[in-house]
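# Analysis of the macromolecular model
Chain by chain, the residues run as shown.
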Amino acid sequence: MAPRCPYCGSESCVNEAAYRLFVRATRKLPAAWFGERDEVDEDPMIRPSFGDVGYCEKTGKHVWACPFCHAVIPEQEVDSYKARCPECGAEANVAPSRRKIVC
Ligand SMILES: [Zn+2]
Ligand SMILES: [Zn+2]
């Protein structure tokens, strides 16, 4: 099951190897994380980050993957350093390289 591009639906926009690696890395998140989210949310350093798993050839936008539900999602509006997954509603960090530069 190759993930499909959230913009155009093509499988070729998503880097499948990067996606699988990301899923494997974030699967190790402790199960307790979900039950204790409110406490964990206090510390942004503990919050996992969205993965950058592709680049849409048609729209020129990045493809992200959610560290919680592993959905492949479009680039989100970044609120300083974090964004919210449109699929599961969880907040995750955005790596510095993916943050928008605000002048
Ligand atoms: Zn695409
Ligand atoms: Zn999600």
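Owing to the predicted nature of the structure, the values given are computational and were not obtained by experimental measurement.

## Structural notes on the pairing of strand S1 (residues 51–55)
The pairing of S1 with strand S2 (residues 62–65) spans 4 bridges and is antiparallel. Bridging from a neighbouring strand, Gly-54 pairs with Val-63 of S2.

## Focus on the environment of Gly-51
If you trace the backbone, Gly-51 turns up in strand S1. In this structure Gly-51 comes out as buried when scored by C-beta crowding, with 24 C-beta atoms within 10 Å. Residues Gly-51 and Ala-65, spaced 14 residues apart in sequence, show a C-alpha to C-alpha distance of 4.9 Å. Once you skip the residues sitting within four places of it in the chain, Gly-51 turns out to touch Phe-22, Trp-64, Ala-65 and Pro-67.

## Brief notes about the nonpolar core
Counting 15 residues, the largest nonpolar core has Val-14, Phe-50, Val-53, Val-63 and Ala-65 as its most contacted members. The element contributing the most residues to this core is S2, with 3 residues. Setting aside its immediate chain neighbours within four residues, Ala-65 contacts Tyr-19, Phe-22, Phe-50, Gly-51, Val-53, His-70 and Val-72.

## Observations concerning the confidence of the model for the protein chain
With 73% of its residues at a pLDDT of 70 or more, the protein chain shows a mean pLDDT of 83. Mean pLDDT across the elements of the protein chain bottoms out in helix H3 (residues 37–40) (52) and peaks in strand S3 (residues 72–74) (97).

## Let's talk about the sheet that holds S3
Strand pairing within a sheet occurs via backbone hydrogen bonds; the two strands may be parallel or antiparallel. The strand order across the open sheet built from 3 strands is S1-S2-S3, with neighbouring strands paired in antiparallel fashion. Whereas interior strands pair on both sides, the edge strands pair on one side only; in this sheet they are S1 and S3. Ignoring strand direction, the axes of neighbouring strands in this sheet form an average angle of 40 degrees. Lying over the sheet, helix H1 (residues 16–26) contacts S1 and S2, oriented at roughly 165 degrees with respect to S1.

## Concerning the environment of Lys-82
Along the chain, the position of Lys-82 falls in strand S4 (residues 82–84). For Lys-82, a count of 17 C-beta atoms within 10 Å translates into the label partly exposed. Along the sequence, Lys-82 and Ala-92 sit 10 residues apart, while their C-alpha atoms lie 5.6 Å from each other.

## Things to note about unusual backbone geometry
Among all residues save glycine, negative phi is the norm, and among peptide bonds the norm is trans. Notably, His-70 is not glycine yet its phi reads approximately 65 degrees, a positive angle. You can see His-70 is positioned in the loop between S2 and S3.

Analysis parameters
- Residues numbered from 1 in each chain as written.
- Chains lettered and ligands numbered in written order.
- Predicted model: local features only at pLDDT ≥ 70, side-chain atom pairs only at ≥ 80, totals over all residues.
- Pairing = 2+ DSSP bridges.
- Helix = DSSP H or I, 4+ residues; strand = E, 2+ residues; numbered from the N terminus.
- Buried ≥ 20, exposed ≤ 12 C-beta atoms within 10 Å, placed from the backbone.
- Contact = placed C-beta atoms within 7 Å.
- Core = buried A, V, L, I, M, F, W, Y, C linked by C-beta atoms within 7 Å.
- pLDDT = per-residue confidence, 0-100.
- Axes fitted to C-alpha atoms, helices over the stretch in contact; angles between N-to-C directions.

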